[in-house]
Each structure stands twice: as C-alpha cells, then as structure tokens.
Amino acid sequence: MSPVKAAPLDPLALVAHLQDGGARAGFKAQAYGAAGNCPLIALTRRAKGPRPRIYLSAGIHGDEPAPPLALAELIDSGEFDGRATWFLCPLLNPAAFVLGTRESPQGLDLNRDYRHLESPEIRAHTAWLGRQPNFDLAICVHEDWESVGFYLYELNPDGLPSCAPAMLEAAGRACPIDLSPVIEGREAAAGVIRPPFNPAEREKWPESVFLQVHHSRLSYTIETPSHLAIGTRVSALAAAIRAAIGVVAGPRS
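A look at the pairing of strand β3 (residues 53-57)
In terms of burial, β3 is largely enclosed, as four of its five residues are buried. Where β3 and strand β4 (residues 85-89) come together, five bridges link them in parallel fashion. From the neighbouring strand, I54 faces β4, where its bridge partner is W86. In this fold, the crossover linking β3 to β4 by way of helix α2 (residues 66-76) has right-handed handedness. The pairing of β3 with strand β5 (residues 137-144) spans four bridges and is classified as parallel.

As structure tokens, this is what we get:
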C-alpha cells in the first residue's frame, strides 16, 4: 500500500471516455457488474479469421491511475486494430479511484482475491472471464510506488517466445528500467521477474495467477514507478504494450 493517497481519477468520466473511444475503434462495450454507481466494463473487438486473442486489464488499484489512462491512449490511437481479437477490462476497481487508495472501499486488495473471490468486483470479473476463450497473450497493467524504474513479471511455463526483451526496450525509451537484483522480494534480471509457478502453494492469487491457471499460458504484469510524472508513466506502459502486441500479432500496417 502506498504511504500517500494518489490524486483521484474520475471513474465515471473515464468509463464514458473508454466507451466512446472504444465505439469509434470498433469495440463492443459490456457492463458485467457494478461497483457503487460505476459500471464494471469490458471492451471486446473480434477480428475476422484466425487472429491472436489478446487480453489487457488495468485499474485494479485505485492509487495507480496510469494503467487505465494508458489503455485509453491506446484505444484513442488505434493500436487495437485488426491484427488480433481484443479483450479489455480497463477499470477493475473504479470505486477505489474515488478514494485514491489501493484497496476497494471495503478494504480489500482486489489483486489478491482471485483464489477465494471474496469481493463482488472479482466475482463479477472472473464470471466474465469464464465466458471468454483462452488468450494467446495477457497483460495486467500496474504501477509501483516503491520501484526505481519499469519492470515486469513474466509467466511463461511453456517457453513460448518471450515479449520481455521488446517490452523492456520500448519502455526504456520512456523511463528508466529497474535493474535491481531483487524486486518486490523476488530475484530479478535486467528488469524481469520470472517467479516459480506454484499456484497451489499461494494462499492469495493475483489476477495474473488466475489467468495463468484458467486462460493464458503467456502473461505479463508490467509496472512503472509511481514517482515519475503521470505522462511519463502512461507513455512507458503504452510503449511496452505496443511492443508485446508486435511480438504476438505483428507490426501495425
């Protein structure tokens, strides 16, 4: 949990922007639940023919405004084009953004609730995920108030082609990379954490573990340092996402 509250982000205004921008980009918006007076929305855009299926999520912590803003920027810029079928959950914990806190208003860290499903937000999210196909790539977008630079977690138990080098190169043009040998208590190498995948041994699951167990064999959690300017954080996250998409779906035409 961060020691200070983040500047609030207006979730209703952001949802309206995402819905409008998504409609212009060919997305279908669906409310799969609600948190307070704000809908929990998913945006999907299905491509013709066989295409990679790519999932992105953001906004699970209310003191991390850069991730949902990065997805909004990518929607507005046309990044989510016909190269893939897209599944976006851009604001998983909208009520927390009113407070500017990591936890939900009920005091739960929603990114530790994907095993026991105690919160209505995560019950609704996992129910929506259960109606979707498996994903070829999943990216959970975050930021970290303790970090000195961009870093990422990779879950890739089958040894699929890694997106990590391209993501780090792209993000590094916007902000520093965290080169610490230990990040968040885990061994890291050049900004990459590849934790052992033992979900049965974890009492509390983050979204990434749930996705790995049920929906995707290649997933990333990406983090920018919260002390940087918001524009820098958004740019670094968007650059990393673009790079990962390029690896899995190819370059934009």
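Continuing now.
Some words on the sheet that holds strand β2 (residues 38-45)
The mixed open sheet is built from eight strands, whose spatial order is β1-β2-β4-β3-β5-β10-β6-β9. Edge positions in the open sheet fall to β1 (28-35) and β9 (192-193), since each of these has one partner strand only. Docked against the sheet, helix α1 (residues 11-24) engages β1 and β2, running at close to 20° with respect to β2.

With respect to helix α4 (residues 120-130)
Taken together, the buried positions of α4 are occupied by E121, I122, A124, H125, T126, W128 and L129. Where α4 is buried, its residues contact β1, β2, β3, β4 and α6 (207-214).

Section: the pairing of strand β6 (residues 151-155)
The side chains of a regular strand alternate, residue by residue, between the two faces of the sheet. For β6, the tally of buried residues reaches five of five residues, placing the bulk of the element in the interior. Two elements, β6 and strand β10 (residues 219-225), share five bridges in a ladder whose sense is antiparallel. Along β10, the bridge assignment pairs E154 with Y220. Inspection of the sheet shows β6 paired to β9 by two bridges, in the parallel sense.

Section: helix α5 (residues 164-172)
Listed as buried for α5 are A164, M167, L168, A170 and A171. In a view along the axis of α5, the buried residues occupy a sector of 165°, so they form one face of it. Exposed and facing more than 90 degrees away from the buried side of α5 are P165 and E169. In this structure, the buried side of α5 is in contact with β5, β6, β9, β10 and α7 (230-249).

Section: the packing of aromatic side chains
The full count for this structure, using the stated rule, is eight aromatic pairs. Where Y55 meets W128, the ring centres are 6.5 Å apart and the plane angle is 35°; that geometry is what we call tilted. Of the two residues, Y55 sits in strand β3 while W128 sits in helix α4, which places them 73 residues apart along the sequence. A relative accessible area of 0% means that Y55 is categorised as buried. A relative accessible area of 0% places W128 in the buried class. Here the aromatic cluster, defined as three or more aromatic residues joined through ring pairs, consists of Y32, Y55, F87, W128 and F135.

About the cut-offs
- Residues numbered from 1 in each chain as written.
- Predicted model: local features only at pLDDT ≥ 70, side-chain atom pairs only at ≥ 80, totals over all residues.
- Heavy atoms only, no water.
- Buried < 20%, exposed > 50% of the residue type's maximum accessible area, 1.4 Å probe, protein only.
- Helix = DSSP H or I, 4+ residues; strand = E, 2+ residues; numbered from the N terminus.
- Pairing = 2+ DSSP bridges.
- Right-handed = clockwise from strand over helix to strand, strands pointing away.
- Contact = heavy atoms within 4.5 Å.
- Axes fitted to C-alpha atoms, helices over the stretch in contact; angles between N-to-C directions.
- Arc of directions from axis to C-beta.
- Phe/Tyr/Trp six-rings, centres within 6.5 Å; stacked < 30°, edge-to-face > 60°.

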